[in-house]
Amino acid sequence: MTWRPSPSNEPIAAPIEDVFEWLSNAHNYTRSKFVLRERLAEPGADAPYGLGALRVLLWTVGIFYERITAYDPPRSFDYHVERSFPPSRHEAGRKSFTKVAGGTHVTWTSTFEIRLPLVGAFLTRVVGVPIIRRVFGRVLDAAQADLTGARIQPH
């Protein structure tokens, strides 16, 4: 299952370098109520959250060990979930940043599936995608709020 934000997602009203910096530092995700804790288990080669970094994220729905597999500031970075609970198959995650009028557009994609025999695909579609959509959206809302001083709107 591949998740992409809706085409209408609004740009973050901040410079591309600031948006990249905020979203590449996974500790900021704890500003969303759905990400409870984050730990940088291994720093990256070129920046703490850069290439090779291993970050551990405790969400309200599980724990994810994510490795940064590509790092091209301020344009994009890729990550791979090496292991998780509940178990999942994660092929790719990417955040791409584009300078646009009014700020920075973020495209966040993730290809994943909950790994459970017989019901994994169903659970991915019915439970996994809505949860991912909500968590990713709240992280983007937190970035917008922190970078612009805007208030996070409850959803």
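Here we summarise the structure given alongside this text. (Residues numbered from 1 in each chain as written. Predicted model: local features only at pLDDT ≥ 70, side-chain atom pairs only at ≥ 80, totals over all residues. Heavy atoms only, no water.)

**Concerning the pairing of strand β4 (residues 62-72)**
We count it as follows: Criterion used throughout: strands pair if DSSP finds at least two bridges between them. For the purposes of this entry, the term helix denotes a DSSP run of H or I that reaches at least four residues, the term strand denotes a run of E that reaches at least two, and both are numbered from the N terminus.
Inspection of the sheet shows strand β3 (residues 54-59) paired to β4 by six bridges, in the antiparallel sense. The residue bridging W59 from the neighbouring strand is G62, located in β4. Linking two consecutive strands that pair antiparallel, namely β3 and β4, is a turn of two residues. The antiparallel hairpin formed by β4 and strand β5 (residues 76-85) contains three residues in its connecting segment.

**A word on the pattern of salt bridges**
Condition: When a carboxyl oxygen of Asp or Glu is within 4 Å of a side-chain nitrogen of Lys or Arg, the pair counts as a salt bridge. The cut-offs for exposure are 20% and 50% of the maximum accessible area for each residue type, with area from a 1.4 Å probe on protein chains only; residues under the lower value are buried, those over the upper are exposed, and the others partly exposed.
One pass over the structure, following the stated rule, counts seven salt bridges. Close ionic contact of E42 with R67 constitutes a salt bridge, the shortest N to O distance being 2.8 Å. Of this pair, E42 sits in strand β2 (residues 35-42) while R67 sits in strand β4, placing them 25 residues apart in sequence. For E42, a relative accessible area of 35% translates into the label partly exposed. A relative accessible area of 19% means that R67 is categorised as buried. Residue R55 pairs with E66 through a salt bridge whose shortest N-O separation is 2.7 Å. You can see R55 sitting in strand β3 and its partner E66 sitting in strand β4, a full 11 residues away along the chain.

**Focus on the pairing of strand β7 (residues 103-114)**
In terms of residue burial, β7 counts as a mostly covered element, since nine of its 12 residues are buried. Bridging between strand β6 (residues 88-100) and β7 involves 12 bridges; their strand directions are antiparallel. Within the sheet, the bridge partner assigned to A92 lies in β7 and is T111.

**Considerations on the nonpolar core**
Threshold: As used here, the term nonpolar core means buried Ala, Val, Leu, Ile, Met, Phe, Trp, Tyr and Cys residues forming a set that is joined through side-chain atoms within 4.5 Å. Whether two residues are in contact is decided by their heavy atoms: any pair within 4.5 Å suffices.
Ranked by internal contacts, the top residues of the largest apolar core, which has 33 residues, are L23, Y29, W59, F77, F97 and V139. Other than its neighbours up to four places away in sequence, F77 contacts F20, L23, S24, Y29, R55, I68, A70, Y71, G93, R94, K95 and F97.

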